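Now for the letters of each chain:
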Amino acid sequence: LKANSGDPMIADILALYLDQCAERQAKPAEVRGRVKRLGLFWGTRRVSAIRPSTCADYAATRGDGAARRELEDLRAALGLAWRERIIANPIPVTM
């Protein structure tokens, strides 16, 4: 991904997160599983699709507990993309 790439695909942001962060987590297999589930819902969407309403839609498909943890991973992935200057601004994720 290039710096300031406009409105990237969320799948690309999740892939970056897996490549750079998953193996450093205490339970990398769980991270990979959560990111896979995120990708099923978010993967074909662009970062601009992340809004409180779409986060609520995601939570409705997963249940509150699972959605909360998975959305934390999405937030972390977006934070990484912002620090890497792939997205211009931080994107809030509503849980």
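Quick note: structure is the one above.
Quick caveat: nothing in here was measured; it's all calculated off a predicted structure.

> Quick question: what am I supposed to make of the environment of Asp-7 here?
Here Asp-7 is to be found in the segment before helix H1 (10–21). A residue is classified by how much of its surface remains accessible, and Asp-7, at 28% relative accessible area, is partly exposed. Spatially, the C-alpha atom of Asp-7 lies 9.3 Å from that of Ala-88, the residues being 81 residues apart in sequence. At 2.6 Å, the side chain of Asp-7 forms a polar contact with the side chain of Ser-48.

> Help me understand the pattern of salt bridges in this model?
Pairing is possible between side chains that carry opposite charge, provided their charged atoms lie close to one another. Within this structure, the stated rule accounts for seven salt bridges. A salt bridge links Arg-34 to Glu-30; the shortest N-O distance between them is 4.0 Å. Residue Arg-34 and its partner Glu-30 are both found in helix H2 (residues 28–42); the two are separated by four residues, about one turn of the helix. One connected set of salt bridges, linked through shared partners, spans Glu-30, Arg-34, Arg-69, Glu-72 and Asp-73.

Conventions we followed
- Residues numbered from 1 in each chain as written.
- Predicted model: local features only at pLDDT ≥ 70, side-chain atom pairs only at ≥ 80, totals over all residues.
- Heavy atoms only, no water.
- Helix = DSSP H or I, 4+ residues; strand = E, 2+ residues; numbered from the N terminus.
- Buried < 20%, exposed > 50% of the residue type's maximum accessible area, 1.4 Å probe, protein only.
- Polar contact = N/O pair within 3.5 Å; in protein donor to acceptor, adjacent residues only side chain to side chain.
- Salt bridge = Lys/Arg side-chain N within 4 Å of Asp/Glu carboxyl O.

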